[in-house]
Amino acid sequence: MDIFDILGPIMVGPSSSHTAGAARIGQMARALLGSQPVKARIHLHGSFAETGAGHGTDRALVGGLLGMKPDDLRIPFAFDEAEKVGLDYEIDTVELRDAHPNTALLEVWDGSGKQLQMQAASLGGGRIVVTQLDGIAVNFTGSYNTLLIRNQDEYGAVAAVTGQLSRMRINVANMSLCRHKRGGDALMVIETDQHLRPLQVDTLRRISGILSVTYYDKEEEENASFDTVDR
Amino acid sequence: MLRSIQWIVDESEKTGKLFWEVVLEDDTEERQVSRHESMAQMLTIWSAMQEAADSYTGTRRSVSGLVGGDGLKMRQYNLRGKNLAGDYVGEVIAEALSMAESNACMRRIVAAPTAGACGVLPAVLLPLYYREELSQQQVLEALYVASGIGAVIAHRASIAGASGGCQAEIGTASAMAAGALVALRGGNARAIAHAVSITLKNLMGLVCDPVAGLVEVPCVKRNVIGAMNAVSAADMALAGIESRIGVDEVVDAMGEVGRRMPMELRETALGGLAATPTGQAVKARMAQGKAADMLEKQ
Ligand code: SF4
């Protein structure tokens, strides 16, 4: 843990795991869907199910779906905000097998009917991990810029993508490949050190055998301006 | 990475650098950032603490309806001029209550080291900052001291109620606050270490027993004991009083006590105050979905 895991996060209370992490989970689902969801089914597991209402876990998840960061002052009033923008949400509890106690399973739809299913856990200190995406087991945290590339699981797809990334001078920090079954669709999860520009993401989309590319851009920390004291 | 408070003390004595500088330099190395970037981030933290304090009105209640308004009550009482604790400590109590209530009532706070214990450090710093017109630089230095202490405790023991009990959460916040106070008063690294030892020893064994699993009861008022414990330990250390047990040994002992604490007393809401008849009644009420929605509209 670095010293800003000790002093921080800056967040809306009351709990870094049940509130801040929950907002991050909602935000991640929104980012992966690619636009404002119009409908959401939120299933709470474990401690999220038991103490979620008292911790504002429900409000934080809905707030995240509306694009609120963990420090957004509107989180307590996320239900009202959802009504305003026309997000139709339902929240219930679920028992998932082998899931972390602070887990939420989200099903979200955008205006065009596109659907995403995401399962994620809140690990404490506001950190999260996405554990499942559309039924495929994954493992990424959003602490890097993340590319999710769905491809036909055939020879050469991975090499084509990593080759293109290296030509763009994008450094791969972590990479994993997940698939349903051999020869079917596969999902590449690539975490990168650098940010990708929209044009670069488009280039990846045009590689043959690539079905879809989703890009999650890690937000930069906004620091107070500081130029008076430095010694 | 910071693994030992004694190491920071030795480093300080060897090189002549102050405690906070050792922590700052470790951070620049650890995260590969410049001093400037690190301090800008610390300033963001400090600004957020000040804003959090300013945002308190005393009118909001938690979702469960259990907490809210006590910080305001304490301030009003202080103003009557007859409090036992005196001016500074009176303000410390009021600020600790206010900040912890703000957390419970879904306002924006800074986890230090956790959201539940967010009131302790700002409670000792803010009143001093305003009363003595400290410079921003002084406060940032104190925050480095606090964060370094917290980082070592997180590494050697724990800072989460779920793994180490409240001694790990409020206890750590208290140790961080004590170290910050000693640094602000010009105490050396050795004095800071003694303050940390004294603080942790005096809260050792404190269990985590939140009613209905919510960060409200007893959490809000425990922020007060964390802050007051820090003030007394800092004063003792500045007076030259020493801990007989070395600082890292105390941290390790706290970690050991945490590991031996029964599961019921580590945030599961199955023991302690959570298991009292009143605690159980609150839990039952929450389970029926009767979360009194008492958050005011802004
Ligand atoms: S009782 Fe538990 S939840 Fe409450 S402040 Fe202490 S450690 Fe945190």
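Since the structure is predicted, the reported quantities are computational estimates derived from the model, not experimental observations. (Residues numbered from 1 in each chain as written. Chains lettered and ligands numbered in written order. Predicted model: local features only at pLDDT ≥ 70, side-chain atom pairs only at ≥ 80, totals over all residues. Heavy atoms only, no water.)

S.K.: Give me the lowdown on the site of the ligand, citing residues and values where you can.
M.R.: Residues and elements named next belong to chain B. Taken together, the residues surrounding the ligand are Gly161, Cys166, Glu169, Cys208, Asp209, Cys219 and Arg222. Mapped onto the shell around the ligand, the elements with two or more residues apiece are helix 9 (166-184) and helix 11 (219-238). Of the residues that constitute the shell around the ligand, the class distribution is three nonpolar, one polar and three charged. (Near = heavy atom within 4 Å. Helix = DSSP H or I, 4+ residues; strand = E, 2+ residues; numbered from the N terminus. Nonpolar A, V, L, I, M, F, W, Y, C, P; charged D, E, K, R; others polar.)

S.K.: Would you mind going over helix 6 (residues 120-131) of chain B in detail, with residue names and values included?
M.R.: Given 3.6 residues per helical turn, the α-helix brings residues three or four places apart onto the same face. All names here are of chain B. Compared with the 16 Å implied by 1.5 Å per residue over 12 residues, the 18 Å span of helix 6 between its first and last C-alpha is a close match. For helix 6, a buried count of 10 out of 12 residues is recorded, marking the element as mostly surrounded by other parts of the structure. Regarding helix 6, the residues found buried are Val120, Leu121, Pro122, Ala123, Val124, Leu125, Leu126, Pro127, Leu128 and Tyr129. Packing partners of the buried residues in helix 6 comprise helix 3 (35-55), helix 5 (87-104), helix 7 (136-156), helix 9 and helix 11. One or two positions beyond helix 6, positive phi appears at Glu133, with a value near 50 degrees. (Expected span 1.5 Å × (residues − 1). Buried < 20%, exposed > 50% of the residue type's maximum accessible area, 1.4 Å probe, protein only. Contact = heavy atoms within 4.5 Å.)

S.K.: How would you explain the domain arrangement of chain A if you had to name every residue and give the values?
M.R.: All names here are of chain A. Domain parsing of chain A yields domain 1 (3-134) and domain 2 (145-226). Its C-alpha centre places domain 1 at a distance of 24 Å from the equivalent point of domain 2. Across the contact, eight residues belong to domain 1 and eight residues belong to domain 2. Between domain 1 and domain 2 lies a buried interface of about 700 Å² when both sides are counted; carbon and sulfur atoms form 55% of it. For the domain 1 face of the interface with domain 2, the top three residues by lost area are Leu32, Lys69 and Leu133, together amounting to 51%. (Domains from an automatic or database assignment. Buried area = accessible area lost by both parts, 1.4 Å probe.)

S.K.: Go over the nonpolar core with me, naming the residues and quoting the values.
M.R.: With 98 residues, the main nonpolar core has Trp46(B), Leu121(B), Val124(B), Leu143(B) and Ile149(B) as its most contacted residues. Not counting residues within four places of it along the chain, the set of residues in contact with Leu143(B) comprises Leu7(A), Met42(B), Trp46(B), Met49(B), Leu121(B) and Leu125(B). The next biggest cluster of nonpolar side chains, apart from the first, holds 41 residues, and it includes Ile25(A), Ala60(A), Ala82(A) and Val138(A). (Core = buried A, V, L, I, M, F, W, Y, C linked by side-chain atoms within 4.5 Å.)

S.K.: Run through the sheet that holds strand 4 (residues 102-110) of chain A, naming residues and quoting values.
M.R.: All names here are of chain A. Read from one edge to the other, the open sheet built from six strands follows the order 3-2-4-5-6-7, with strand pairing classed as mixed. The two strands at the open ends of the sheet, each matched to only one other strand, are strand 3 (88-93) and strand 7 (136-140). The sheet shows a mean angle of 20 degrees between the axes of neighbouring strands, direction not considered. Pairing of strand 5 (residues 115-124) with strand 6 (residues 127-133), which is carried by six bridges, proceeds in the antiparallel orientation. Across the sheet, the residue bridging to Ala120 is Val130, located in strand 6. Along the sheet, helix 3 (residues 47-55) contacts strand 2 (37-46), strand 3, strand 4 and strand 5; its crossing angle with strand 2, the most-contacted strand, is approximately 115 degrees. (Pairing = 2+ DSSP bridges. Axes fitted to C-alpha atoms, helices over the stretch in contact; angles between N-to-C directions.)

S.K.: Any chance you could break down the sheet that holds strand 10 (residues 185-192) of chain A for me, citing the residues and the numbers?
M.R.: Residue and element names in this part refer to chain A. The antiparallel open sheet is built from four strands, whose spatial order is 9-10-8-11. Across the chains shown, the open sheet's two edge strands, defined by having one partner strand only, are strand 9 (172-179) and strand 11 (210-216). The sheet shows a mean angle of 15 degrees between the axes of neighbouring strands, taken without regard to direction. Sheet topology places strand 8 (residues 145-152) next to strand 11; six bridges connect them, and they run antiparallel. Its bridge partner being in strand 11, Arg150 is matched across the sheet by Ser212. The strands touched by helix 2 (residues 16-33) are strand 8 and strand 11; relative to strand 11, the strand with the most contacts, the crossing angle is about 140 degrees. The strands touched by helix 7 (residues 198-205) within the sheet are strand 8 and strand 11, with strand 11 carrying the most contacts at an inclination of about 155 degrees.

S.K.: Account for the pattern of salt bridges, naming residues and giving values.
M.R.: Residues and elements named next belong to chain B. By the definition in use, this model includes 21 salt bridges over all chains. For Arg108, the salt bridge goes to Glu51, with nearest N and O atoms at 3.6 Å. Taken together, the residues Arg108 in strand 1 (residues 108-110) and Glu51 in helix 3 connect sequence positions 57 residues apart. (Salt bridge = Lys/Arg side-chain N within 4 Å of Asp/Glu carboxyl O.)

S.K.: Now, about the interface of chain B and chain A: what can you tell me, with residues and values included?
M.R.: Taken together, the contacts link 56 residues of chain B with 38 residues of chain A. Between chain B and chain A the total buried area reaches about 3,800 Å² when both faces are included, carbon and sulfur atoms providing 66% of it. On the chain B side of the interface with chain A, the three residues burying the most area are His36(B), Met106(B) and Arg108(B), jointly 18% of the side's total. Where chain B touches chain A, the interface holds zero salt bridges. One can count seven residue pairs in polar contact (both at pLDDT 80 or more) joining chain B with chain A. Counting residues per element, the ones that place at least two in the side of chain B that touches chain A are helix 2 (19-31), helix 3, helix 5, strand 1 and helix 7 of chain B. With 13 residues, the single largest contributor to the side of chain B that touches chain A is helix 3 of chain B. Taken together, the residues that form the side of chain B that touches chain A break down as 31 nonpolar, 13 polar and 12 charged. Of the pairings in the sheet, the one linking strand 1 (residues 10-12) of chain A to strand 1 of chain B comprises three bridges and is antiparallel in character. (Polar contact = N/O pair within 3.5 Å; in protein donor to acceptor, adjacent residues only side chain to side chain.)

S.K.: Can you break down the packing of aromatic side chains residue by residue, with the values?
M.R.: All names here are of chain B. Scanning the model with the defined rule gives four aromatic pairs over all chains in all. Note on Trp20 and Tyr144: the rings are 6.1 Å apart at their centroids and 50 degrees apart in plane angle, and the pair reads as tilted. Separated by 124 residues along the polypeptide, Trp20 in helix 2 and Tyr144 in helix 7 bring together distant segments of the chain. Take Trp20 and Tyr144: they sit in the same class, and that class is buried. Joined through ring pairs, the aromatic side chains of Trp46, Tyr129 and Tyr130 make up one cluster. (Phe/Tyr/Trp six-rings, centres within 6.5 Å; stacked < 30°, edge-to-face > 60°.)

S.K.: Tell me what's going on with the packing of helix 1 (residues 5-15) of chain B against helix 10 (residues 189-203) of chain B, and back it up with residues and numbers.
M.R.: Residues and elements named next belong to chain B. Contact geometry of helix 1 with helix 10 gives a least axis separation of 9 Å together with a crossing angle of 165 degrees. Taken together, the axes of helix 1 and helix 10 are roughly antiparallel relative to one another. Two packed elements cross with a definite hand, and for helix 1 against helix 10 that hand is left-handed. Of the residues in helix 10, those in contact with Ile5, Val9, Ser12 and Glu13 of helix 1 are Ala189, Arg190, Ala193 and Val196. (Parallel < 35°, antiparallel > 145°, perpendicular 65-115°, else oblique. Left-handed = near helix turned anticlockwise from the far one by under 90°.)

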